[in-house]
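What the coordinates show
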Amino acid sequence: MCTIKVQVFGSFSTGLYLPTSDIDLVVFGKWETLPLWTLEEALRKRNVADENSIKVLDKATVPIIKLTDTFTEVKVDISFNVKSGVKAARLIKEFKEKYPVLPYLVLVLKQFLLQRDLNEVFTGGIGSYSLFLMAVSFLQLHYREDVCNPSINIGVLLIEFFELYGRHFNYLKTGIRIKDGGCYVAKDEVQKNMMDGYRPSMLYIEDPLQPDNDVGRSSYGAMQVKQAFDYAYVVLSHAVSPIAKYYPNNETESILGRIIRVTQEVDEYREWIRKNWGSPSQNDLPLN
């Protein structure tokens, strides 16, 4: 009989999840062929998944089952025998300990990209792992004495992140490496070590867990992301400038609210989760 082990990875494991994030599960076991359709049938029969939501992507680079849980409406992705996700989650937790500011920075950036449909790799955007590595590189190479201090001004860091990747970073010639304290790498040098015909992607990020893997290779919309970061830099810089107090709506609009927002849909979903699944003490708390 095959021994099965299930592990959680991704944003749910690292604590970097948004209200709309899915849960990533990986199933480890020994099979001649992956039991994609067997598990899909079992999930249907037991009404675990919403009937119309369950999909088997057996032709994908990493075959997965996608579903929406019947009771909680939480989206779940299930993969098989993929160790890289679990290792990446471990790495992310290590960097979170080193830089306490990282979760706050990354969560704001994820929401910012999500609202602009720039957060999915399959549509050319920047995935969570790439974004996290960009944030780590930013903290490594634009060092501030207080960067490891939990009480650092996160707003300043956010504006500086947008300035770097929206204005100054040379996507055409430069790649990102976070190993051994972090550095930038020339794409010309990277290409010399790549197989014939291959070139570093527009957003080249060396995978610290697998150096021959370019994490940003599928982010073909990197220049759109760059433009979005530049826009955010301009908006936030104006919002904190001395003349900002003369702007219309200055008293009623938050600085961060100029570039990200929490939608009514997310608010309603949170309320539904709180009412149905929250603890008694949580259910007594008023919502803003």
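Residues numbered from 1 in each chain as written. Predicted model: local features only at pLDDT ≥ 70, side-chain atom pairs only at ≥ 80, totals over all residues. Heavy atoms only, no water.

- The name an unreviewed UniProt entry gives the protein chain is Terminal nucleotidyltransferase 4B, with Lates japonicus as the organism.
- Of the comments in the UniProt record for the protein chain, the one headed Catalytic activity (unreviewed entry) reads "RNA(n) + ATP = RNA(n)-3'-adenine ribonucleotide + diphosphate".
- Here is the UniProt Sequence similarities (unreviewed entry) comment for the protein chain, exactly as written: "Belongs to the DNA polymerase type-B-like family." (UniProt positions renumbered as here; feature names shortened; annotations may be inferred.)

**Overview of the sheet that holds strand S1 (residues 5–9)**
- If you walk across this open sheet you meet the five strands as S1-S2-S5-S4-S3, and the pairing is mixed. Every other strand in the sheet has two partners, leaving S1 and strand S3 (55–57) as the edge strands with one partner each. Taking the axes of each pair of neighbouring strands and ignoring which way they run, one obtains an average angle of 25° across the sheet.
- Sheet analysis places strand S2 (residues 23–28) next to strand S5 (residues 75–80), joined by five bridges and oriented parallel. Residue pairing for S5: Val-27 is matched across the bridge by Phe-80.
- Lying on the sheet, helix H2 (residues 36–45) is in contact with S3, strand S4 (64–68) and S5; it crosses S4 at an angle near 15°.
- Of the strands in this sheet, S1 and S2 are in contact with helix H3 (residues 84–98), which crosses S1 at around 45°. (Pairing = 2+ DSSP bridges. Helix = DSSP H or I, 4+ residues; strand = E, 2+ residues; numbered from the N terminus. Axes fitted to C-alpha atoms, helices over the stretch in contact; angles between N-to-C directions. Contact = heavy atoms within 4.5 Å.)

**Observations concerning the side chain of Asp-24**
- By the secondary structure assignment, Asp-24 is in strand S2.
- Buried charge without a partner: Asp-24 forms no salt bridge, and the closest opposite charge is Lys-66, 7.1 Å away.
- Non-local contacts of Asp-24, meaning those with residues more than four positions away in its chain, are made with Gln-7, Val-8, Phe-9, Gly-10, Ser-11 and Asp-77. (Buried < 20%, exposed > 50% of the residue type's maximum accessible area, 1.4 Å probe, protein only. Lys, Arg positive; Asp, Glu negative; His and termini not counted. Salt bridge = Lys/Arg side-chain N within 4 Å of Asp/Glu carboxyl O.)

**Regarding the layout of surface pockets**
- For the second largest pocket, the calculated volume is near 390 Å³.
- The wall of the second largest pocket is formed by 17 residues, among which Val-190, Met-194, Tyr-204, Pro-211 and Asp-212 lie closest to the centre.
- Only helix H7 (187–192) and strand S9 (210–214) provide two or more residues apiece to the lining of the second largest pocket.
- In terms of residues, the lining of the second largest pocket owes the most to one element, S9, which gives four residues.
- Residues of the lining of the second largest pocket, tallied by class, amount to seven nonpolar, three polar and seven charged. (1 Å grid on protein atoms, 1.4 Å probe; cavity = no way out; pocket = protein on both sides within 12 Å on 5 of 7 lines; lining within 4 Å. Points joined across faces, edges and corners; volume = space filled by probe spheres on them. Nonpolar A, V, L, I, M, F, W, Y, C, P; charged D, E, K, R; others polar.)

**Quick notes on the nonpolar core**
- Counting 50 residues, the largest nonpolar core has Met-134, Phe-161, Phe-162, Tyr-165 and Phe-229 as the members making the most contacts within it.
- Sorting the residues of this core by element identifies H3, helix H4 (102–114), helix H5 (128–141), helix H6 (154–168) and helix H8 (222–239) as the ones contributing at least two each.
- In terms of residue count, the dominant contributor to this core is H5 (nine residues).
- Setting aside residues no more than four positions away along its own chain, Phe-162 makes contact with Leu-109, Phe-112, Arg-167, Phe-229, Ala-232, Tyr-233, Leu-236 and Ile-259.
- Core analysis: the second largest hydrophobic core is formed by 13 residues, Ala-49, Ile-65, Leu-67 and Ile-78 among them. (Core = buried A, V, L, I, M, F, W, Y, C linked by side-chain atoms within 4.5 Å.)

**Describing the pairing of S2**
- Burial within S2 is extensive, with five of its six residues counted as buried.
- Bridge count between S1 and S2: five bridges; the pairing is antiparallel. Each residue of the ladder has a partner; that of Val-6, found in S2, is Val-27.

**Considerations on H4**
- Between its first and last C-alpha, H4 extends 18 Å over 13 residues, near the 18 Å set by a 1.5 Å rise per residue.
- Inspection of H4 places Leu-102, Pro-103, Leu-105, Val-106, Val-108, Leu-109, Lys-110, Gln-111, Phe-112 and Leu-113 among the buried residues, and these make up the whole buried set.
- Considering only its buried residues, H4 is in contact with helix H1 (10–14), H3, H5, H6 and H8. (Expected span 1.5 Å × (residues − 1).)

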